[in-house]
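# Coordinate inspection notes
Residues per chain, in single letters:
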Amino acid sequence: MGRVSAGRMETFLAVARLGSIRRAAAQLHVTEAAVSAAVAHVEKQLGAKLITRSGRGIALTEAGRVYAEYCRGILGLMKEAHAAVRQAEAGRLRIGVVATAGESVVLRPLASFRHRYPDVELSLSIQPRDVLFLELQHHETDLVIAGRPPHAANLVIQARRPSTLVVVGAGDTHDPRHTTWLLRGNGSGTREATLALIDRLQIDPPTLTLGSHGAVIAAAREGLGITLIHSDAVGEHLESGALRTIDVPGTPLDRAWHAVTTPTPTPATRLFLAHLIDPLETGTDAFHAAIGP
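In this text, all values refer to a predicted model and were calculated from it rather than measured experimentally.

A separate point is the sheet that holds strand E13 (residues 257-261). As summarised here, the arrangement of the 6 strands in space is E4-E3-E5-E13-E6-E14, forming an open sheet in which the pairing is mixed. Every interior strand has two partners, whereas the edge strands, strand E4 (121-126) and strand E14 (288-289), have only one. The sheet contacts of helix H8 (residues 129-137) involve strand E3 (92-97), E4, strand E5 (143-146) and E13, and relative to E5 the element is tilted by about 160 degrees.

Have a look at this one:
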């Protein structure tokens, strides 16, 4: 999928809001041909039809309605960040991440953010998921990147990035019913997902708990067992052949990464979120603005 600029998003939203290429062109002070070309570019980049003719005007397709909501979220977040930029650029940003996200998801966007805004005071904390969300509720952290937060936590999912959980091991002769399953420590969302998977499979394999994300991967590479893990974390190991994906019923599991804040994120937090969802700044590492709960 290609990149869609903020300007083309604005143009598409004008068409969606006004229901007319002509009226959108008049509002934006550009030609109708320019508006049509912008919408056609967005459709080409997305590979989806966003508008359709309806009488003398146009109507959004279902894909168009979904994309319009995303555009509103993305552009709204960017505008909030721009409005707060004077104080945000000299503010403090405390980010909390689970170990997998800390090693394989957030570092590149964080590096480009630091280069872009060198005066923001940054700190990064790596903790189990449960600890992170408790810190966020207590305003001890500004933003958390982890799995989905607890439903009753009064926290806001601001952005998401697709990810899957896969079962991996050294070699390809593992029987999930009898092979040792390598587990993360208590408070880990991946540990909970692993135990839930084992329960759904109605099996009772041996398990081995290791204290860290790195230890689990190392143990799997040494042949001590198999483990359920984010595909983001083992891409290089799979490419080298040190680990292989194990075919286990019910996997891969869809487990998106979430960027989560309190209902009142700080200006520096909003600035980072705008950076995080901007593909022109973060490329393939970009998150997508969240829609709904």
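Right, picking up where we left off after that structure.
Okay, the environment of Asn-186 next. Mapping Asn-186 onto the fold places it in the loop between strand E8 (181-183) and helix H9 (189-201). Sequence separation between Asn-186 and Gly-214 is 28 residues, and the spatial gap between their C-alpha atoms is 15 Å. Those residues in contact with Asn-186, other than ones at most four positions away along the chain, are Pro-128 and Arg-191. In terms of polar contacts, Asn-186 uses its side chain to reach the side chain of Arg-191, at 3.3 Å.

This part is about the packing of aromatic side chains. By the definition in use, this model includes 3 aromatic pairs. Considering the side-chain rings of Phe-113 and Tyr-117, the 5.1 Å spacing of their centres and the 50 degrees angle between planes classify their relative orientation as tilted. We classify Phe-113 as buried; its relative accessible area is 0%. The exposure class assigned to Tyr-117 is buried, which follows from its relative accessible area of 10%. Between Phe-113 and Phe-272, the ring centres sit 5.1 Å apart and the planes meet at 85 degrees, which makes this aromatic pair edge-to-face. Here the residue Phe-113 occupies a position in helix H7 (residues 107-116), and Phe-272 occupies one in helix H12 (residues 267-276), the gap between them amounting to 159 residues. The pair formed by Phe-113 and Phe-272 is uniform in burial state, with each residue classed as buried. An aromatic cluster of three or more residues is present, and its members are Phe-113, Tyr-117 and Phe-272.

For H8, every residue scored as buried is listed here: Arg-129, Leu-132, Phe-133, Glu-135 and Leu-136. Considered in projection along H8, the buried side chains sweep an arc of 155 degrees and stay on one side of the axis. Structurally, H8 contributes buried residues whose contacts are with E3, E4, E5, H9 and E13. Backbone geometry just downstream of H8 places His-139 in the positive-phi region, at approximately 60 degrees.

What follows concerns unusual backbone geometry. For the bond running from Thr-251 to Pro-252, omega is 0 degrees, close enough to zero to count as cis. Turning to its location among the elements, Pro-252 is positioned in the loop between strand E11 (244-245) and strand E12 (253-254). Its identity as a non-glycine residue notwithstanding, His-29 has a phi of 60 degrees, on the positive side. Following the sequence through the fold, His-29 ends up in the loop between helix H2 (21-28) and helix H3 (32-46).

What counts, and where the lines are drawn
- Residue indices follow the written sequence of each chain, beginning from 1 at its first position.
- Totals for whole chains, interfaces and linings use every residue, but because this is a predicted model, local features are given only for residues with pLDDT of at least 70 and side-chain atom pairs only at 80 or more, for both listing and counting.
- Computation of side-chain values covers all heavy atoms of the structure but excludes hydrogens and water.
- Pairing between strands requires that DSSP locate at least two bridges from one strand to the other.
- Helix and strand definitions here come from DSSP, where helices need a minimum of 4 consecutive H or I residues and strands a minimum of 2 consecutive E residues; each element is numbered from the N-terminal end.
- We call two residues contacting when some pair of their heavy atoms lies within 4.5 Å.
- To get an axis, fit a line to the C-alpha atoms, keeping to the stretch in contact for a helix; angles then go from 0 to 180 degrees between the N-to-C directions.
- Throughout this description, a polar contact denotes any pair of N or O atoms lying within 3.5 Å of each other; where both atoms belong to protein, one of them has to be capable of donating a hydrogen while the other can accept it, and for residues adjacent in sequence the pair is counted only when both atoms sit in side chains.
- Centres within 6.5 Å make a pair out of two Phe, Tyr or Trp rings, where for Trp the six-membered ring is used; the pair is then stacked when the planes are under 30 degrees apart, edge-to-face when over 60, and tilted otherwise.
- The cut-offs for exposure are 20% and 50% of the maximum accessible area for each residue type, with area from a 1.4 Å probe on protein chains only; residues under the lower value are buried, those over the upper are exposed, and the others partly exposed.
- By definition, the arc is the one covered by directions from the helix axis to the C-beta atoms.

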